[in-house]
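Below, each chain spelled out in residue letters.
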Amino acid sequence: MAPFEPAALPELLPVFYRRLFPHGAYGRWLSYGGAVKNYFQLREFSFTLRDDVYLRFQSFGSPQELERELQRINPYKIDIGAVYSHRPNQHNTVHLGAFQPQEKELVFDIDMTDYDDVRTCCSSADICAKCWTLMTIAVRVIDRALVEDLGVRHRLWVYSGRRGVHCWVCDDAVRKWSPALRAATVEYLSLVKGGAETVKKVNLCEPIHPFIRRSVGVVEKYFKAYALVGQDILGSPESWDKVLALVPDEHREPLQSEFPKKRDSVQRWALLKDRVERTRAAAGKGATPCYADWEIMLQYCFPRLDINVSKGVGHLLKSPFSVHPKTGRVSVPLDLQRLDQFDPFAVPTISSLCHELDTAGDAGEQEDSGETEPKRRVRDYKKTSLAPYVRLLEQFVEEMERARRGERLRRSDLQGDF
Amino acid sequence: MGPAVALRVREIDELWWHYPGHQTARRDGSGRGWPCAGSWGAGPGAGRPAGEMQFSSAQARGKHLWLSGDRRQLYPHSLQFYLEPPTEDISLSEFESLAIDRLKLLKTVESLGVSYVRNSDQYNSKLASELRKLKFPYKALADDDYEARRKDHISHFILRLAYCQSEELRRWFLQQEMDLFRYRFSQLTDNLMQKFMEHVDLSFEAISEDLKNELASELSTSTPGFTMSKVKEQMFYKVGLADAVDLFRARRVFIKDGFAYVPFKDIVAIVLNNYRAKLSKALALTARSLPSIQSDERLQPLLNHLSHSYIGPDYSVQKSTGKISLEQIDALSVKSFPLCMRQLHKALRDNHHLRHGGRMQYGLFLKGIGLTLEQALEFWKKEFIRGKVDADKFDKGYAYSIRHNYGKEGKRTDYTPYSCMKIIMSNPPSQGDYHGCPFRHSDPELLKQKLQSYKIPPSGITQILDLVKGMHYQLACQKYFELTHDVDDIGFSLNHPNQYFTESQKLLSGGREPKKEVSNSGNTQQKNNSQESMNSNSTPTSSNTTTDAELEGLEAYFTED
Ligand SMILES: [Zn+2]
């Protein structure tokens, strides 16, 4: 795979927007079936150009117009904003205060840097195969709650291109949610609270809400492999002291003296868990039930959401299929069926994709001649490792279209009763 | 009723028909013949003489459509969400008296909210008697209280106009109306609650017994305070997340498939939430349309009077004029002056000067407690010439404004001493000023130090600072009165510095019962109560922020023209 060089972007981006970017499915997604007039035209896009030149409030009459503009200015980064009351590119001509964001997907941004206090392998923007599990857990926890608790249907999970994941919740009703409801959702979905000055960031007490119980159930599946084996959180006195700081006094001291006698993190965890679970079994007979094991699991593994990104309707978020300007990796959709196998380092970069095109192009130059440009483009990305990711976006859009058809059918059936 | 009054009556009619920020004011939907439909919305037209306003006969519209029908249809319930502005004609005197009565009611709501635990027997019975006294709907079942319901409706809308003008006023109004609504809703029978909720489109589907049994353990672990047996007893309702946002946010309900499963007891919270959202949005909308009304010189004084007015005697006329000697003032300032005046008096003695705002606030107060013009001139002159002002400069510069305050110069208006509301709401002090309300305009830390230096006990200071935090400045002052006069309950609602003085003098001269010996337990009781009601005021911190955001933010959201 060709290594990515940011300096090569001016040369690669035109190829990317002309031959690789999935304009078709992308436009179908953001048009939402065209049921709401001008929905696409009222959408804000914002572009980052070379040298961090930032263009806000771009908007386009049609997906085709957007495509032409992308191919003309070849932005380093694309952000998607809200659907506004007026066309964003005309916001200056509108009476002050009248230009307002009206709708947007509910979005979540989960960033690995927010976990720096609980991962030992990397820090800040760095990620590795070990800590990536945190993102897997985050997607599993949030996605479960979105579907089972909040009843949403259309979630597009995307790798950000560097160190995190984004989620776009696209249901018609959810796009209309108020900032208050978005903020409430983030609060409902948040369990880890407090900053650098807070040692114990998760505090549970009875009754334990089903959301918490189920989230613990998700975390549990990954905890041994990730935290005990991978991060080895009870591997040394220094690291287990950090964990024991979260345990109530009456359990801490006995555990501190028992831990050195055990072989590894797995055995030490078994000890801790056993001890705490016994308090729960004895609860009701006067003992206070202790949930320290759950609290530790959640503090080390539970998703940490950025409320501001989700709350503001007008907030911008990096678009799927935008190239990450630092890593060159394309922001690709995640396949939840195969989430556990997802490897961020295997995501194609703009350089690797262009290289693939070159190789494929040399081989198939002959048959391509004579074909129209759009047709060629469709086949172009199919020749590369971007194809399965484009397929994921297409499937997502098709699923939404199917749901819309179903809804229309249901409505016309209802009317048929008359 | 003289012609001038009649003219203003007609102006008010117009206001109803073009109620600010309200799109559907015209109930008959005919759209015929409203020549001045834009007159409240357009600034330039507002200045023209009232006599030139043209509109069709007030009697011809609305009334025959509304009042000839069944009155009960107009107000089918004893309480309302106030979604539609009044459409009928009303006399100016009624306009004012309705407004004053509602203001009295809301003041009572405010003061009861601090003195008693909300929904306690005492709170409920005192509020009920106030509603009865002021002839507002007070009994849920009375179906023949058209007059009371009409009064409730119209007076709410008048105060909405007066109290939408600043964030602080909106917040106060919203808080009192919420408390009032909470009380009245809680007085309804379950059946009437259900009916009212249907009426305002908030009917929720109760879940079946089968479903409840199936979900029982989840309902119990999701709903604080609900054991399995309690789950079996209560009805649960399926509510959309937006309607249950506070319960959802705090994970206090079971959430499944986009619905919150809310027990009946929490439905009240949902109705209140909904009412708060609607009212706060309406206030923002009204405020947005208000500049056009404010620029109307015919209406503005009326509204300002309402938002700045206090209820009580007019302290510009004092029976005690001339009964106070200048030598007494120092002692009185410690014993019987409210904190704001004590502060001004001290600043005057220390600096031998007060800036304009302070001279006005303090000078009129002194006039109110009985200083004659001659005494006032002597008092101010003596003090000022000890500073940088010589006698000549005083006579030329300052004496005029003192005579002015006494109505002897200029427009010859006999100026009225400032009420608490006026002091709190207008002309905030800036650098070098000592006027204003110390509870409103002092840094809490400085206020604390000041109270400490005045030997207020620490528990009292805490109570005062809590009230200040909750923006109950007048109640903080009331608490200060109680602590400095050693009484448990002053038994009146404090809203004027001169009232403070009069009540203090009455008490000190034995006109009122001093504190009884059992006071200790009473004190604790009171403390607990006020703290609890403060808590219930501020429990859902996040939802308070929401209210602010609604007040500020929603306005922005609905600015689309
Ligand atoms: Zn790592």
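Just so it is clear, the model here is predicted, and its values are computed rather than measured.

Engineer: I'd like a description of the coordination of the zinc ion, backed by residues and values.
Structural biologist: All names here are of chain A. Ligation of the zinc ion by protein atoms is provided by Cys121 (SG), Cys122 (SG), Cys128 (SG) and Cys131 (SG), these donors lying 2.2 to 2.3 Å from the ion. Of note, the donors binding the zinc ion are all from one chain and are spaced C-C-x5-C-x2-C. Accessibility expressed as a relative area gives 0% for Cys131, which makes it buried.

Engineer: Give a description of the pairing of strand β1 (residues 43-49) of chain A that names residues and reports values.
Structural biologist: Within a regular strand, the side chains alternate between the two sheet faces. Residue and element names in this part refer to chain A. Of all the seven residues making up β1, six are buried; the element is thus mostly covered by neighbouring parts of the structure. Looking at chain direction, β1 and strand β3 (residues 77-84) are connected through five bridges and run antiparallel. Bridging from a neighbouring strand, Thr48 pairs with Lys77 of β3. By the bridge criterion, four bridges tie β1 to strand β2 (residues 53-58) in an arrangement that is antiparallel. Along β2, the bridge assignment pairs Thr48 with Tyr54. Between the end of β1 and the start of β2, which pair antiparallel, lie three residues, with Asp51 showing a positive phi angle near 60°.

Engineer: Can you explain the interface of chain A and chain B? Please cite residues and give values.
Structural biologist: Listed by partner, the interface residues are 31 residues for chain A and 23 residues for chain B. Of the roughly 2,100 Å² buried between chain A and chain B on both sides combined, carbon and sulfur atoms contribute 57%. When residues of chain A are sorted by the area they lose upon contact with chain B, Leu181, Tyr188 and His209 of chain A head the list and together hold 23% of the total. At the junction of chain A with chain B, the criterion picks out two salt bridges. We note a salt bridge from Glu187 of chain A to Arg249 of chain B, for which the minimum N-O separation is 3.4 Å. Our enumeration of links across chain A and chain B arrives at ten residue pairs in polar contact (both at pLDDT 80 or more). For the side of chain A that touches chain B, the elements supplying multiple residues, two or more each, are β4 (101-103), α4 (129-149), α6 (179-188) and α7 (210-230) of chain A.

Engineer: How would you explain the packing of helix α16 (residues 356-369) of chain B against helix α17 (residues 373-384) of chain B if you had to name every residue and give the values?
Structural biologist: Axis angle and axis distance: for two packed helices, these are the angle between their axes and the distance between the axes, and together they describe the pair. Residues and elements named next belong to chain B. At a minimum axis distance of 11 Å, the contact between α16 and α17 shows a crossing angle of 140°. Judged on the interaxial angle alone, α17 and α16 are oblique. In this structure, α16 contributes Arg359, Tyr362, Gly363 and Leu366 to the contact, and α17 contributes Phe379, Trp380 and Phe384. Partitioned by chemical class, the residues of the contact of α16 with α17 number five nonpolar, one polar and one charged.

Engineer: Any chance you could break down the packing of α16 of chain B against helix α24 (residues 497-508) of chain B for me, citing the residues and the numbers?
Structural biologist: All names here are of chain B. At a closest axis distance of 9 Å, the pairing of α16 and α24 adopts a crossing angle of 40°. Considering only the axes of α16 and α24, their crossing is right-handed. Residues Phe365, Gly368 and Ile369 of α16 touch α24, and the partners they reach there are Pro497, Asn498 and Phe501. Among the residues making up the contact of α16 with α24, the classes are represented as four nonpolar, two polar and no charged.

What counts and how
- Residues numbered from 1 in each chain as written.
- Chains lettered and ligands numbered in written order.
- Predicted model: local features only at pLDDT ≥ 70, side-chain atom pairs only at ≥ 80, totals over all residues.
- Heavy atoms only, no water.
- Donors = N, O, S within 2.8 Å, 3.2 Å for Na, K, Ca; no water.
- Buried < 20%, exposed > 50% of the residue type's maximum accessible area, 1.4 Å probe, protein only.
- Helix = DSSP H or I, 4+ residues; strand = E, 2+ residues; numbered from the N terminus.
- Pairing = 2+ DSSP bridges.
- Contact = heavy atoms within 4.5 Å.
- Buried area = accessible area lost by both parts, 1.4 Å probe.
- Salt bridge = Lys/Arg side-chain N within 4 Å of Asp/Glu carboxyl O.
- Polar contact = N/O pair within 3.5 Å; in protein donor to acceptor, adjacent residues only side chain to side chain.
- Axes fitted to C-alpha atoms, helices over the stretch in contact; angles between N-to-C directions.
- Parallel < 35°, antiparallel > 145°, perpendicular 65-115°, else oblique.
- Nonpolar A, V, L, I, M, F, W, Y, C, P; charged D, E, K, R; others polar.
- Left-handed = near helix turned anticlockwise from the far one by under 90°.

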